[in-house]
Amino acid sequence: MTEYFTITRTLSAPRQLVFDALTKPEHFAVWFGTAAVEVPQDSLKMDVRVGGEFRAVMLLPDGNRIDWAGEYVEVDPPARLAMTLTDNPDQYAGLPVLFDLAEVDGGTELTIRQDRADFSDEQVAATIAGYNSFIDDIEKELVRMQNG
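Described below are features of the structure shown in this document. (Residues numbered from 1 in each chain as written. Predicted model: local features only at pLDDT ≥ 70, side-chain atom pairs only at ≥ 80, totals over all residues. Heavy atoms only, no water.)

## Remarks on unusual backbone geometry
In the segment running from P77 into P78, the intervening peptide bond is cis, with an omega of -10 degrees. Within the fold, P78 resides in the loop between β4 (65-76) and β5 (80-83). Despite not being glycine, A117 has its phi angle at roughly 50 degrees, a positive value. With respect to the helices and strands, A117 occurs in the loop between β7 (107-115) and α3 (121-147). (Helix = DSSP H or I, 4+ residues; strand = E, 2+ residues; numbered from the N terminus.)

This is the structure we're talking about:
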């Protein structure tokens with residue numbers, strides 16, 4: 001049985017705008033990895049359709065890099081996105097990460113679910129903290145997007 005961990009946050013932006021922040025390279029590069037990590041726009045490949053490829057490079061402050069890869073397995077704008085995601089592109093990416101966007105009063109409820117797989121409790125906690133940092137930066141990007 002698959003066991004998921006879940007992060008749910010409400011964002012003060014319309015659902016389509018949140019979906020755009022998740023799927024358009026010019027916005028994705030801003031929040032993926034948070035402000036502390038550079039994601040060069042030219043490293044992004046985001047073919048946001050079922051079966052489409054995802055690739056990104058994170059350049060870490062210590063000089064290291066992380067190569068990300070995945071595939072979009074469900075694309076239902078602006079309600080749902082599901083994609084595999086791995087920092088080891090030569091190995092099986094695992095079950096998809098699920099992004100559900102629901103309209104709520106004042107904005108959009110974003111729920112992210114990921115298979116726990118063989119993560120330790122510490123790894124789950126670190127991953128949840130990482131997602132929350134991503135969402136903090138998504139919120140900043142949404143303000144910028146809304147203010148043009």
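## Digging into α3
With 27 residues, α3 should cover 39 Å at 1.5 Å per step; its first-to-last C-alpha distance of 39 Å lies within 8% of that length. Check the buried side of α3 and you find it contacts β1 (4-11), α1 (15-23), α2 (25-31), β3 (53-59), β6 (97-104) and β7. (Expected span 1.5 Å × (residues − 1). Contact = heavy atoms within 4.5 Å.)

## Focus: the pattern of salt bridges
Overall, the coordinates contain 13 salt bridges when judged by the stated rule. The shortest N-O distance in the salt bridge between R113 and D100 comes to 3.3 Å. Here R113, found in strand β7, pairs with D100, found in strand β6; they are 13 residues apart in sequence, far enough to count as distant. Using a relative accessible area of 25% as the deciding quantity, one classes R113 as partly exposed. D137 serves as the salt-bridge partner of K140, at 3.6 Å between the closest nitrogen and oxygen. Here the residue K140 and the residue D137 both occupy positions in helix α3, the gap between them amounting to three residues, near one helical turn. On the basis of relative accessibility, which here comes to 58%, the residue K140 falls in the exposed class. (Salt bridge = Lys/Arg side-chain N within 4 Å of Asp/Glu carboxyl O. Buried < 20%, exposed > 50% of the residue type's maximum accessible area, 1.4 Å probe, protein only.)

## Side note on a nonpolar patch on the surface
Together, Y4, Y92 and L95 make up an exposed nonpolar region whose accessible area comes to about 330 Å². Looking at the secondary structure, you find L95 in the loop between β5 and β6. (Patch = residues over 30% accessible without salt bridge, like charges linked within 9 Å, V, L, I, M, F, W, Y side chains within 5 Å. Areas by Shrake-Rupley, 256 points an atom, 1.4 Å probe, with all protein chains shown as cover.)

## Considerations on the side chain of R80
By secondary structure assignment, the location of R80 is in strand β5. Given the relative accessible area of 19%, R80 is considered buried. A polar side-chain atom of R80 sits 2.9 Å from a polar atom in the side chain of E74. In this structure, R80 is in contact with F19, E74, V75, L98, F99, D100, L101 and R113, ignoring residues within four places of it in sequence. (Polar contact = N/O pair within 3.5 Å; in protein donor to acceptor, adjacent residues only side chain to side chain.)

## Thoughts on the packing of aromatic side chains
What the rule picks out here adds up to eleven aromatic pairs. Here F28 and F32 contribute two aromatic rings whose centre-to-centre distance is 4.7 Å and whose plane-to-plane angle is 25 degrees, an arrangement assigned as stacked. Of the two residues examined, F28 and F32, each falls in the buried class. With centroids separated by 5.7 Å and ring planes inclined at 75 degrees, the aromatic side chains of F32 and W68 adopt a geometry described as edge-to-face. One end of the pair, F32, is in the loop between α2 and β2 (45-46); the other, W68, is in strand β4, and 36 residues separate them in sequence. (Phe/Tyr/Trp six-rings, centres within 6.5 Å; stacked < 30°, edge-to-face > 60°.)

## Regarding the side chain of D20
Its place among the elements puts D20 in helix α1. Buried charge without a salt bridge: D20, with K24 as the nearest opposite-charge side chain at an N-O distance of 4.4 Å. Ignoring anything within four residues of it in the chain, the contact list for D20 reads H27 and M145. (Lys, Arg positive; Asp, Glu negative; His and termini not counted.)

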